[in-house]
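Chain by chain, the residues run as shown.
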Amino acid sequence: MKHFIDHCCEKCFNSKENPCEQFVECCLDGPLCHESEECKEARQQIVDRYSHSPLFREQ
Amino acid sequence: MYERHILICAGTGCISSGALEVKETLVDELEKHGLTNKVRIIMSGCHGFCEKGPIFIVYPEDVFYCGVQPEDVKEIVEEYLVKGNMVERLLYHDPVNDETHVSHDQIMFYHKQLRQALRNCGVIDPENIDEYIIRGGYKGLKNALKMEPVEVVNEVKSSGLRGRGGAGFPTGMKWQFANSSKGDKKYVVCNADEGDPGAFMDRSLLEGDPHAVLEGMCIAGRAIGADEGYIYVRSEYPLAIKRLRTAIGQAEEYGMLGENVLGLGFNFKIKIKEGAGAFVCGEETALLASIEGKRGVPRHRPPFPAVEGLWGKPTCINNVETLANVPLILRHGAEKFASIGTEGSKGTKVFALTGKVNNTGLVEVPMGVTIREVVFDIGGGIREGKKFKAAQIGGPSGGCIPEEHLDLPIDFDSLTTAGAMMGSGGLVVVDEDTCMVDMARYFLSFTKKESCGQCAPCRLGTTQMYNILEDITEGRGKPEDLKLLEELAWAIKKGSMCGLGQTAPNPVLTTLRYFRHEYEAHVYEKRCPALACKALLQYQIDPDKCIGCQRCKKECPVEAISGEKKEAHEINQDLCIKCGACYEVCPKKVRAVQVLSEGLPESIEEKEACEEGSKCQS
């Protein structure tokens, strides 16, 4: 999973044709439709890769 | 994971100062030192401090290097990234107190700023939607899609957001009109036709955070029931257009634009329309005509675009900065947005701070800060220790605020009361060397050229005003001109069809109001107190100071200067074209060439006669 749009595993169904309602929240706090530490870690890696300072994520 | 992130400003200003070459050199240097996988390079949007560009920030330490050129990169990599030694010479040195600052939040330029609309500019890679999402992006849209359209309208109304493009009309009210208008099709239009000389707020926002504008447009679409939006952006902004296209593509891929947005049954697409750069196309009805492929000229209102807009359909038109604020309101709530600013002006405002201040660039401040704080704290005061004369706010539609109003709070209503206007956010600071009559003439030369010519008050009136101002600055001014200027100004304001003509006289009216003595010096004494109006100047050589170095004689393009080597020189006033070349080359230690504006004796007699009422028609 390199980008948020990539599927973390086969359980993710989000696509342009069949968009997931929870996509925005799922990017940062997901996965929300299933439980998986690996899938959670995959998302966190994207956040960590781009967060250049502690305040980066805070708004 | 990366050990360090290096943000290089890739706004238009820093790119023109060499940011892309800095990046190329950095890529090579990182490779040479085996750091390619440890250091991430981010080409960010505008940091605001354009005059210090290219800006180069190293995170997580937040070391702010400025004015970095390709030849400096090797030293930064070897000394700082590898050995941990600060490269002092590239840090920011405060011109006021001569202190050196390491991180950007220590710099006065950033200290009093509150970057809300610019929250992501200079922070994220504008071409990476993932970074926008990490910063909270598209949460506002999600919230809006869970609300009823009228609830979205009410939220924006409660926030107190007013249009940032010029007039400051309440955004929520505009959305309410468009929401309640009946139509089988509605449009949202983003007005990115930024035309004020020296203004680059919208350009920087589009270049640095395009998704914020797209998200704002989607929310507006939800609020009024539109399924299509246009961004009208001038073709002189190629980087902004490129980044917008990239952002639209990403938003479509991520399901934030297109059919069934976020699976919530909302459809919205956005198209870009490139404008050819006419100033009048910033006026909403002219802009709509231009999108429709017609000549970009305004039309009478009503009907307003919210009722009858693009292709006759209800249309909501908002400025770039206005739209960039909208996602914050829907994400954090109206109350939080309204907690910043003054009673009648909520939130922040972005200004392009330029002119005779030490720190120029893009600044964002809470509504209600004073002009003094912007000029002296953020701007670092006047260059070369000179005296503040005025702040020209609002571009060619705005007005000049003098020193006695330095403590005026910056908000829509205070500025209007003082005769100026917020405008889109141009803020030009002028010092004692600027002639206010000449400044008014400059702005009139702009509006005169940009008038579409459709209505007579604007087309003829601005030309007449310009001709009078030109006469005054060239020594042909008549006593009755001042009264005539005022009469014309009010006639143009009242009689013009659109905002261009209605506001074009503002620079003249405010300079007449606050700097009338300068007009009088030009008209009655044929004298320019600021020594700026060429026709009213005389260049002379002080024979007691002249050392006969002959530099002025060699430089004079019309051979008006005579004198032997090591003997005092003289300027033939009949030949002199007042180009100032002699003044420029005269050694600073000698200062033999002097520029004067002492006026003409007959002009003073004329003034006295006028005061007695014997000759003056006014």
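Rules of the game
- Residues numbered from 1 in each chain as written.
- Chains lettered and ligands numbered in written order.
- Predicted model: local features only at pLDDT ≥ 70, side-chain atom pairs only at ≥ 80, totals over all residues.
- Helix = DSSP H or I, 4+ residues; strand = E, 2+ residues; numbered from the N terminus.
- Rg over C-alpha atoms; globule rule 2.2 N^0.38 Å.
- Buried ≥ 20, exposed ≤ 12 C-beta atoms within 10 Å, placed from the backbone.
- Pairing = 2+ DSSP bridges.
- Axes fitted to C-alpha atoms, helices over the stretch in contact; angles between N-to-C directions.
- Parallel < 35°, antiparallel > 145°, perpendicular 65-115°, else oblique.
- Left-handed = near helix turned anticlockwise from the far one by under 90°.
- Contact = placed C-beta atoms within 7 Å.
- Domains from an automatic or database assignment.
- Core = buried A, V, L, I, M, F, W, Y, C linked by C-beta atoms within 7 Å.
- Nonpolar A, V, L, I, M, F, W, Y, C, P; charged D, E, K, R; others polar.
- pLDDT = per-residue confidence, 0-100.

Caption draft 1: Representation of the overall build of chain B in the model. When helices and strands are tallied, chain B shows 25 helices and 20 strands. For 618 residues, the compact-globule estimate of 2.2 N^0.38 gives 25 Å, and the C-alpha radius of gyration of chain B, at 27 Å, lies within 12% of that figure. In terms of overall dimensions, chain B has C-alpha extents of about 85 × 65 × 40 Å along its principal axes. A total of 618 residues make up chain B; the buried ones form 53% of that total.

Caption draft 2: Structural context of the sheet that holds strand β3 (residues 56-59) of chain B. Residues and elements named next belong to chain B. Strands sit in the order β2-β1-β3-β4 across an open sheet of four strands; the sheet is mixed. Taken across any chain shown, the strands that pair with only one partner, and hence form the sheet edges, are β2 (39-44) and β4 (63-65). Each strand of the sheet is rotated relative to its neighbour by a mean of 20°, with strand direction disregarded.

Caption draft 3: Broad picture of the pairing of strand β17 (residues 538-541) of chain B. All names here are of chain B. What you see with β17 is a clean split: Tyr539 and Ile541 sit on the buried side and Gln538 and Gln540 on the side with no burial. As paired elements, β17 and strand β20 (residues 593-596) share four bridges and run antiparallel to each other. Bridging across to β20, Gln538 finds its partner in Leu596.

Caption draft 4: Quick peek at the packing of helix α10 (residues 210-224) of chain B against helix α11 (residues 238-253) of chain B. Residue and element names in this part refer to chain B. At a minimum axis distance of 9 Å, the contact between α10 and α11 shows a crossing angle of 60°. With respect to each other, α10 and α11 are oriented oblique. In this structure, α10 crosses over α11, and the sense of that crossing is right-handed. Across the interface between the two elements, Pro210, His211 and Leu214 from α10 touch Arg243, Leu244, Ala247, Ile248 and Ala251 from α11.

Caption draft 5: Seen up close, the domain arrangement of chain B. Examined at the domain level, chain B breaks down into domain 1 (4-109), domain 2 (129-338), domain 3 (348-431), domain 4 (436-525) and domain 5 (538-596). Placing the centre of domain 1 of chain B and that of domain 5 of chain B at their C-alpha centroids yields a distance of 45 Å.

Caption draft 6: The arrangement of the sheet that holds strand β9 (residues 258-261) of chain B in detail. Residues and elements named next belong to chain B. Overall, mixed pairing links the five strands, which are arranged β9-β10-β8-β7-β11 in an open sheet. Edge positions in the open sheet fall to β9 and β11 (315-319), since each of these has one partner strand only. In this sheet, adjacent strand axes meet at a mean angle of 25° when their direction is disregarded. Relative to strand β10 (residues 266-275), strand β8 (residues 228-234) is paired through seven bridges, and the arrangement is parallel. When the sheet's bridge partners are listed, Tyr232 is paired in β10 with Lys273.

Caption draft 7: Summary view of the nonpolar core. All names here are of chain B. Counting 180 residues, the largest nonpolar core has Val213, Ala220 and Val374 as its most contacted members. For this core, the leading source of residues is α10, giving nine residues. Tyr539, Ile561, Ile571 and Cys586 belong to the second largest nonpolar core, which has twelve residues in total.

Caption draft 8: Examining the interface of chain B and chain A more closely. Taken together, the contact between chain B and chain A spans 22 residues of the former and 22 residues of the latter. Broken down by secondary-structure element, the contributors of at least two residues to the side of chain B that touches chain A are α5 (129-134), α6 (139-146) and β9 of chain B. With four residues, the top contributor of residues to the side of chain B that touches chain A is α5(B). Here the side of chain B that touches chain A is composed, by residue class, of nine nonpolar, six polar and seven charged.

Caption draft 9: A look at unusual backbone geometry. Residues and elements named next belong to chain B. A cis amide bond links Tyr59 to the next residue, Pro60, at an omega of 15°. Take Pro60: it is sitting in the loop between β3 and β4. Going from Pro302 to Pro303, the amide bond is cis rather than trans, its omega being 5°. With respect to the element layout, Pro303 can be found in the loop between α12 (284-291) and β11. A positive phi angle, near 50°, is found at Asn260, a position not held by glycine. Relative to the helices and strands, Asn260 is located in strand β9. A count of 14 C-beta atoms within 10 Å places Asn260 in the partly exposed class.

Caption draft 10: Representation of the pairing of β3(B) in the model. All names here are of chain B. Note: strand β1 (residues 4-9) against β3, four bridges, orientation antiparallel. Opposite Leu7, over in β3, you have Ile57 as the bridge partner. Relative to β4, β3 runs antiparallel, the two being bridged by three bridges. The residue of β4 that forms the bridge with Phe56 is Tyr65.

Caption draft 11: Region of the structure containing the confidence of the model for chain B. Residues and elements named next belong to chain B. The predicted model of chain B has a mean per-residue pLDDT of 94, with 97% of residues at 70 or higher. Scored below 50 in pLDDT, residues 614-618 shows twelve contacts in the model against residues more than four places distant or in partner chains. Interface confidence in the predicted complex, given as ipTM, is 0.98; pTM for the same model is 0.93.

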